[in-house]
Every structure is written in structure tokens, then in C-alpha cells.
Amino acid sequence: MAACMLMFTACSNSTPVELYNTKAALPESPKYNLDGLKVITSFVNKTKGTASTLYGNDLALKSAIDGNKTVTANEVFTLVTWKQQEDDHWFGAKIPSDVESVEVIKTTSSGNSVAVNYEQLNGKQLAAKTDTVGQAERIKYILEQKPSVLP
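Rules used throughout
- Residues numbered from 1 in each chain as written.
- Predicted model: local features only at pLDDT ≥ 70, side-chain atom pairs only at ≥ 80, totals over all residues.
- Heavy atoms only, no water.
- Buried < 20%, exposed > 50% of the residue type's maximum accessible area, 1.4 Å probe, protein only.
- Helix = DSSP H or I, 4+ residues; strand = E, 2+ residues; numbered from the N terminus.
- Arc of directions from axis to C-beta.
- Contact = heavy atoms within 4.5 Å.
- Pairing = 2+ DSSP bridges.
- Phe/Tyr/Trp six-rings, centres within 6.5 Å; stacked < 30°, edge-to-face > 60°.
- Axes fitted to C-alpha atoms, helices over the stretch in contact; angles between N-to-C directions.

On to helix α3 (residues 135-143), then. For α3, the set of buried residues is I139, I142 and L143. Each buried residue of α3 sits inside an arc of 95° when the element is viewed along its axis, so together they form one side. In α3, those exposed residues whose orientation departs by more than 90 degrees from the buried face are E137 and K140. Here the buried face of α3 lies against β2 (50-56), β3 (76-86), β4 (94-110) and β5 (113-122).

Structure below.
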């Protein structure tokens, strides 16, 4: 009996496990706003070890459902990307960890045309990326995302 008790206590893990994933929480910031936005789609990049969720307002969601054939004014797309970490509660699973980036696309009416504004915020401090190289590709990538099909 003593040997069995010794085996059970030797196999226990004394490392406390968090019940909630607080690392993935988005910091409060006036630089972006998810209020009223709906999830359009989510995806994982296994190569980079990231998980992303694309949010949008009602106009952005309608545009995504219609295939983003044309961009209209007042659309808001927000792509949040997290690094991934091992899930302590489920063997082999990965869950979001620290925020890697928040990318915001807002469209505005400019006379007879529509202006597309893009901003990328990086890291936990949500530092604005000032380098504009690759913005057109990121805008195209975000706008080409297909919405998730829900029952």
C-alpha cells in the first residue's frame, strides 16, 4: 500500500495550470475597436505557428459573403494574429498565446472613389508599423479571405 501511495505522489505535477488563457487577451487600446464586429473567419498557419481571426462590421461581412468583388465605403476589417502555444489541458492541441499583430482596414468615401486605409499594430504594445512595404499584398490577402460557413 505504501509503495502505491509513493508511486502516485511521485507522478504528480506540482506546476500550477492556468484555467483561463489570459496570455491571449487583447490589450485595451484606442488604436482598434472590436465592438460590434463579427467573426468572418479564422485560420491557423502551422508553418509560422500562428492563429488568426478576421473580424468585420456588417458591411465587411456582407462584402466577404459576396466575395469582395468591390470595396464599398465604411467597411471595417480587423485581422488579429496570435502566436500559438501548447495547450496544458489537451495533449497535442495548440491555443493562442501572445498577440503578434492587429491589422485594420477601413474604407472611406472620397468623392466618387473609395479610399482604403491600412494600419498594422505589432506586439503586446500594439506599436504601429511605419514600414509601408507589402501593404498592398496584406490588404489583398485580408480581403480575399472567404467567410466561414455556419449552420
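Further remarks concern the pairing of β5. Sheet topology places β4 next to β5; 10 bridges connect them, and they run antiparallel. Residue pairing for β5: T107 is matched across the bridge by V116. Hairpin remark: β4 followed by β5, antiparallel, with two residues in the connecting loop; positive phi at G111, about 70°. Pairing analysis gives two bridges linking β5 to strand β6 (residues 127-128), with the strands arranged antiparallel. Looking across to β6, one finds that N122 is bridged to A127.

Here the structure, examined in full by the defined rule, presents one aromatic pair. Relative to Y141, the ring of F43 lies with its centre 6.2 Å away and its plane at 85°, an arrangement referred to as edge-to-face. With a gap of 98 residues between them, F43 in strand β1 (residues 38-45) and Y141 in helix α3 connect regions that are remote in the sequence.

Within the open sheet, the six strands sit side by side as β1-β2-β3-β4-β5-β6. Their pairing is antiparallel. Only two strands of the sheet have a single neighbouring strand rather than two, namely β1 and β6. Strands in contact with helix α2 (residues 58-65) are β1, β2 and β3; relative to β1, the strand with the most contacts, it is inclined by about 60°.

On to the environment of K94. Examined against the element boundaries, K94 turns out to sit in strand β4. For the pair K94 and A51, spaced 43 residues apart in sequence, the C-alpha separation works out to 9.2 Å. Among all residues touching K94, those that are not within four sequence positions of it are Q84, Q85, E86 and D87.

What follows is about the environment of V39. Within the secondary structure, V39 sits in strand β1. The spatial distance from the C-alpha of V39 to the C-alpha of F77 is 9.8 Å, given a sequence separation of 38 residues. Contacts of V39, omitting those with residues within four sequence positions, involve T53, L54 and Y55.

Further remarks concern the pairing of β1. One ladder, built from seven bridges, connects β1 with β2; its direction is antiparallel. Pairing of V39 across the sheet is with Y55, part of β2. In this structure, the hairpin formed by β1 and β2 is closed by a connection of four residues, where G49 is found at a positive phi of approximately 70°.

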